[in-house]
Amino acid sequence: MLKLFNIKNIHIEISSKCTLKCPRCPRTEIKPEELNQEISFKEFQQSFTVSFLSNVEKIIFCGDIGDPIYATEFLDIVRYIKENSNVSLTIVTNGSYKTPEWWKELGQLLTQHDQVTFSVDGWNQETNEKYRVNCNFDSIIAGAKSLRVSSKVSMVWSMIYFNFNFDTNHIQALAKEIGFNYIDFVKSSKFDGRYLINGVDDLKPLDPNFTAKNLQYEKNRLPLDPLPISWSTQVNRNAHPWARCLRYEKEMFVSVNGLVSPCPWFNTKYQENKFIEKHHLKMNIKTRTLEEILSDPLWDEFLDDLNTNPLEICIIKCQQCQ
């Protein structure tokens, strides 16, 4: 398997279903054709065999245009992974509309080596739905409490700074009460530009210190365990001139339609990608095995072209952040 891919850490979009209508999510902004699909349990087993999973350390279930918890067979997939490997799981979700019983069942499958991140930007229904449109805050809190009681899994409350939540005292208090281990405070770059209405971005924080620079999100993590409070800023950096996937700093990404990419940014719907247009049938777990995809010489072609003819998304997300 080529060094282009780090199969130790794999990011999988298991579902493009979502109950929310967040205004700056690609499912809302550009309405891609892959909406409301999922990778079935059978498709997952065929691609991620027990033998393949023996080489994997971590799987991240996080949607690009959807949310993993809405995959019909998500619990079956999690159970299969945990019963047949030592892979740790990271699950990122908005957390709405699942029952406490569902969260209890998930929690019983997970261990202290796994992590569940709840992406919640407010401290009640009114504040959270300012961005997380169509959320159900009561079900989020009930689910988080059920997960906490049923599991030792690491729990993260992740919030994006907007103009309505920069005072985080309410969120910190609620997260501590429930038993979250961390809060991630995320600075987004999705402000101004096309989001301006009559020259104003209604969601942008007034203080520029709460927005990200250079199209790279920034994240501050606050531990809530009984440990000394310490902050760590995690900003996407790049030691190689670009294409950091070559340095194993990006996860291999499998999209909901089966497309295999070097990293989660590679297949963004906001930029054209000639490589994907040309080779998409060869890069798909629904038409080939993962072993065939990862050993295909087509990636040599990509690498040969990488430093002289970078993709637009590579320039935006990697090259400019040296």
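The structure contained in this document is the topic of the report that follows.

Basis of the calculations
- Once a new chain begins, its residue numbering starts again from 1 and follows that chain's sequence as written.
- A pLDDT threshold of at least 70 governs which residues receive local features in this predicted model, and a stricter bar of 80 or more applies before side-chain atom pairs are shown or counted, although totals over entire chains, interfaces and linings include all residues.
- Water and hydrogen atoms play no part in the side-chain values, which are based on all heavy atoms of the structure.
- The way it works is that DSSP assigns letters per residue, a run of H or I at least four long becomes a helix, a run of E at least two long becomes a strand, and they are numbered from the N terminus.
- Burial classes: relative accessible area under 20% of the type maximum marks a residue as buried, over 50% as exposed, and values in between as partly exposed (1.4 Å probe, protein chains only).
- Working rule for contacts: check all heavy atoms of both residues, and any pair within 4.5 Å makes them a contact.
- Each accessible area value is a Shrake-Rupley result obtained with a 1.4 Å probe; residue values ignore everything except the protein chains displayed when judging cover.
- Helix span, as expected, comes to 1.5 Å for every residue beyond the first.
- Buried residues of nine kinds, namely Ala, Val, Leu, Ile, Met, Phe, Trp, Tyr and Cys, make up a nonpolar core once their side-chain atoms join them within 4.5 Å.
- A cavity here means a set of points on a 1 Å grid, drawn over the protein atoms and nothing else, where a 1.4 Å probe fits but cannot get out; a pocket is an open set with protein on both sides within 12 Å along at least five of seven lines, and a residue lines either one if it has an atom within 4 Å of a point.
- Grid points are joined across faces, edges and corners, and a volume is the space filled by probe spheres set on the points.
- Three classes are used: nonpolar for Ala, Val, Leu, Ile, Met, Phe, Trp, Tyr, Cys and Pro, charged for Asp, Glu, Lys and Arg, and polar for all others, with Gly counted as polar.
- The rule for pairing is simple: two strands pair if DSSP sees at least two bridges between them.
- Think of it like this: strands point away, you trace from the first strand over the helix to the second, and a clockwise trace means the crossover is right-handed.

So, on to the overall build of the chain. Of regular secondary structure, the chain possesses 12 helices and 10 strands. Looking at the chain as a whole, 53% of its 322 residues qualify as buried. Here the contacts in the chain between residues at least 6 apart in sequence split such that 72% fall between residues at least 24 apart. Entry remark: accessible area of the chain is about 15000 Å², with carbon and sulfur atoms responsible for 49%.

With 14 residues, helix α7 (residues 137-150) ought to run about 20 Å at 1.5 Å a step, and its terminal C-alpha atoms sit 20 Å apart, in line with that. Within the sequence span of α7, burial applies to Phe137, Ser139, Ile140, Ile141, Gly143, Ala144, Ser146, Leu147 and Arg148.

What follows deals with the nonpolar core. In terms of nonpolar packing, the biggest core is built from 73 residues, with Ile12, Phe44, Ile59, Phe61, Phe118 and Trp157 touching the most fellow members. No other element matches helix α4 (residues 74-84), which puts 6 residues into this core. Once residues within four sequence positions are removed from consideration, phenylalanine 44 is found in contact with Ile12, Ile14, Ile39, Ile59, Phe61, Ile77, Tyr80 and Ile81. Core analysis: the second largest hydrophobic core is formed by 11 residues, Tyr131, Cys135, Phe164 and Val186 among them.

Here we come to unusual backbone geometry. One non-glycine residue, tyrosine 97, adopts positive backbone phi at about 80°. In this structure, tyrosine 97 sits in the loop between β3 (88-93) and α5 (100-109). With relative accessibility at 39%, the residue tyrosine 97 sits in the partly exposed group. Non-glycine residue asparagine 134 carries a positive phi angle of around 75°. You can see asparagine 134 is positioned in the loop between α6 (125-128) and α7.

Estimates place the volume of the second largest pocket at around 350 Å³. Looking at the second largest pocket, it is lined by 17 residues, and the ones nearest its centre are Glu34, Leu259, Asn267, Lys269 and Ile276. Taken together, the residues of the lining of the second largest pocket break down into 5 nonpolar, 8 polar and 4 charged.

What follows concerns the pairing of strand β6 (residues 182-187). The buried fraction of β6 amounts to 5 of the 6 residues, a majority that puts the element mostly inside the structure. Two strands pair when backbone bridges link them, and strand β5 (residues 154-160) and β6 are joined in this way by 5 bridges, in the parallel orientation. Counterpart to methionine 159 in the pairing with β6 is phenylalanine 185. As for the winding sense of the linkage, the β-α-β connection from β5 through helix α8 (residues 169-178) to β6 is right-handed. One ladder, built from 6 bridges, connects β6 with strand β7 (residues 218-223); its direction is antiparallel. Counterpart to lysine 187 in the pairing with β7 is glutamate 218.

One pass over the full model with this rule turns up 2 cavities of 30 Å³ or more. Its volume calculated, the second largest cavity comes out at about 40 Å³. For the second largest cavity, the full set of lining residues is Glu13, Glu34, Ile65, Ser255, Val256, Asn257, Asn267 and Lys269.

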